[in-house]
Amino acid sequence: MWEVVGGGDKGGILVRAGQGTSSEQLPERLSTGAIVEELELAGERLHYKLVTGQGPASGWVSVTLKDKALLIRKDSPATEPETAKSKELRDGDYFVTLGPIFKKAGTDPETQKIVQLNRKVGAIVHTTGKIWKGPTGGFWVELDVSQGDSGAGEKPGYVMIDAAGFGTPGPCLQKASPEDGLPRVLKAKRPEGMKAWDGSSSDKDFLVYSKTTGAEMRIVLAMLFQLKAEAISIKIGQGVLEPNGTVGGHFQGDEVHFEVTGGKPMKLVVMSPLELGEKLTDLEIKDDWTVGQVRKLLCSITGLKESSMLMAKGKMGERVSEDAQLKLTDLVVDYGYKDGDEIGFIYMGDPEGDLKDFLSKK
């Protein structure tokens, strides 16, 4: 098994139909965080089958790019970091909060060379507690390698706490405190059509304590998915976790489901792909909806299939090029759509057959 760790800034990594790097590039990327099964490994090229995550069901990918790992083996020591459940905490310990951590190797924190490592959320990084503040304001802490692997390698170095300037939505490390006890790692289930902070379409792990409040959880979820905290509603069974309520024993499993509310109503017009100038339907949405949410609504109303539809900039009846495709994780308003605008799509299925039931009821 392999895990995709690269391509976070692009929504995943490139997939090709064949082993060669000049073979046909598939239209969809393999999402960051996806788990794949190895079918064949030829040098640095991996033939895979998708297990979890988003992307083509199979294809060929590169495991490294310019000495940077794009995929790592799930049974590699680097993917099984030390966790609070497996070992007692030490003074100076930090928890990994997002996954990526940034390290300056050596004993001189002023070195300009920085490497990115990837660890599981909740992994422990052992430090001496010695803090160094960089010239641009970032805070770094010295690794403790006195007992072997620090959680960020066995060699000396400094790791950045706040990750300022590295494109993360918040700190990469959180100080461990005996008073707080051991944290739990929960999985935030990504709402349909929404993207995470790193551009991926993966669910995201995050840390909580029993005393963590609903308000604090909303802040973390907002950070992970680039949302407004006040628009998030966290589900507990048939109810919601109130802002002043605590995690306590509410989440017995690992998954946290939440909804995003708010946004102003707007309408998009969809014209028929079968008859020029004939309206197919109106879509009553909100201005904080993603393209993916719009597609899902359109298909649920009309009977068209999501797997056959590419949302695209343009009007039905006019030639819509494939490069006009809209990304499912982007907001519709990011493409300039306003109330009453027409939105188009490319359909690769049988529109006449798929629309038959819907049109018979109009």
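Cut-off values and rules
- Residues numbered from 1 in each chain as written.
- Predicted model: local features only at pLDDT ≥ 70, side-chain atom pairs only at ≥ 80, totals over all residues.
- Heavy atoms only, no water.
- Helix = DSSP H or I, 4+ residues; strand = E, 2+ residues; numbered from the N terminus.
- Buried < 20%, exposed > 50% of the residue type's maximum accessible area, 1.4 Å probe, protein only.
- Contact = heavy atoms within 4.5 Å.
- Areas by Shrake-Rupley, 256 points an atom, 1.4 Å probe, with all protein chains shown as cover.
- Lys, Arg positive; Asp, Glu negative; His and termini not counted.
- Charge placed at Lys NZ, Arg CZ, Asp CG, Glu CD.
- Pairing = 2+ DSSP bridges.
- Axes fitted to C-alpha atoms, helices over the stretch in contact; angles between N-to-C directions.
- Core = buried A, V, L, I, M, F, W, Y, C linked by side-chain atoms within 4.5 Å.
- Expected span 1.5 Å × (residues − 1).
- Phe/Tyr/Trp six-rings, centres within 6.5 Å; stacked < 30°, edge-to-face > 60°.
- Lys NZ or Arg CZ within 6 Å of the ring centre and 35° of its normal.

An unreviewed UniProt entry lists the chain under the name Ubiquitin-like domain-containing protein, from Durusdinium trenchii.

Novice: Describe in detail the overall build of the chain, supporting the description with residues and values.
Specialist: A tally of helices and strands in the chain yields four helices and 25 strands. When the backbone C-alpha atoms are referred to their principal axes, the chain occupies close to 75 × 55 × 40 Å. Across the 362 residues that make up the chain, the buried fraction comes to 43%. Counting contacts in the chain only where the partners sit at least 6 residues apart, residues at least 24 apart contribute 58% of the total. Of the roughly 19000 Å² of accessible surface on the chain, 49% is carried by carbon and sulfur atoms. Seen as two clouds, the 46 positive and the 53 negative side-chain charges of the chain have centres 1 Å apart.

Novice: Describe in detail unusual backbone geometry, supporting the description with residues and values.
Specialist: Even without being glycine, Q226 reaches a positive phi, approximately 55 degrees. Among the structural elements, Q226 can be located in the loop between α1 (214-225) and β18 (232-236). Residue classification places Q226 among the exposed residues on the basis of a relative accessible area of 51%.

Novice: Help me get a handle on the sheet that holds strand β1 (residues 2-4), residues and values and all.
Specialist: By definition, the strands of a sheet pair up through backbone hydrogen bonds, in either a parallel or an antiparallel sense. On the basis of which strands lie adjacent, the open sheet formed by five strands has the order β4-β3-β2-β1-β7 and antiparallel pairing. For this open sheet the edge positions go to β4 (58-62) and β7 (71-73), each flanked by a neighbour on one side alone. Recorded for the sheet is a direction-independent mean angle of 40 degrees between the axes of neighbouring strands. Pairing of strand β3 (residues 45-52) with β4 involves five bridges; the strand directions are antiparallel. Residue pairing for β4: R45 is matched across the bridge by S62.

Novice: Any chance you could break down the nonpolar core for me, citing the residues and the numbers?
Specialist: Core analysis: the largest hydrophobic core is formed by 39 residues, its most contacted members being I101, V125, L173, F206, M217 and I234. Every element with two or more residues in this core is listed here: β8 (94-96), β9 (100-105), β13 (139-143), β14 (157-160), β16 (184-188), β17 (204-208), α1 and β18. With five residues, α1 is the single largest residue contributor to this core. Non-local contacts of I101, meaning those with residues more than four positions away in its chain, are made with V96, V115, Q116, L117, R119, V125, A152, C172 and L173. Core analysis: the second largest hydrophobic core is formed by 24 residues, I285, V332, I343 and Y347 among them.

Novice: For helix α2 (residues 291-302), give the residues involved together with the corresponding values.
Specialist: For α2, spanning 12 residues, the distance from its first C-alpha to its last is 17 Å, which sits close to the expected 16 Å at 1.5 Å a residue. Phi turns positive one or two residues past the end of α2, at G303, with a value near 90 degrees.

Novice: So what about the packing of aromatic side chains? Which residues, and what values?
Specialist: Both the distance between ring centres and the angle between the ring planes are used here to describe each pair of aromatic rings. A full pass over the atoms with the stated rule returns three aromatic pairs. When the ring of F225 is compared with that of F258, the centres are 5.6 Å apart and the planes differ by 50 degrees; the resulting orientation is tilted. With F225 in helix α1 and F258 in strand β21 (residues 258-260), the pair connects residues that are 33 residues apart, well separated along the chain. Considered together, F225 and F258 belong to a single accessibility category, that of buried residues. An angle of 85 degrees between the planes, with centres 6.3 Å apart, marks the rings of F345 and Y347 as edge-to-face. The residue whose ring lies beneath K104 is W140, and the NZ or CZ to ring-centre distance is 4.8 Å. Looking at K175, its charged tip hangs above the ring of Y94, at a distance of 5.7 Å from the centre.

Novice: Please set out the pairing of β14 residue by residue, giving values where relevant.
Specialist: On β14, burial covers both faces: G157 and V159 on one face and Y158 and M160 on the other are all buried. Of the pairings in the sheet, the one linking β9 to β14 comprises three bridges and is antiparallel in character. Of the residues in β14, the one forming a bridge with K103 is V159. In the sheet, β13 pairs with β14 via three bridges, with the strands oriented antiparallel. Looking at β14, one finds that W140 is bridged to M160.

Novice: Could you give me a rundown of the pairing of β9, with the residues and numbers involved?
Specialist: By the criterion of burial, β9 is predominantly enclosed, with five of the six residues buried. Sheet topology places β9 next to strand β10 (residues 115-118); four bridges connect them, and they run antiparallel. Bridge assignment links K103 to a residue of β10, and that residue is V115.

Novice: I'd love a proper account of the sheet that holds β21, names of residues and values included.
Specialist: In space, the three strands of this open sheet follow the order β19-β18-β21, with antiparallel pairing throughout. A strand with exactly one partner marks an edge of an open sheet, and here the two such strands are β19 (239-240) and β21. Pairing geometry for β18 and β19, over two bridges, is antiparallel. Opposite K235, over in β19, you have V240 as the bridge partner. Along the sheet face, α1 touches β18 and β21 and points at about 120 degrees away from the line of β18.

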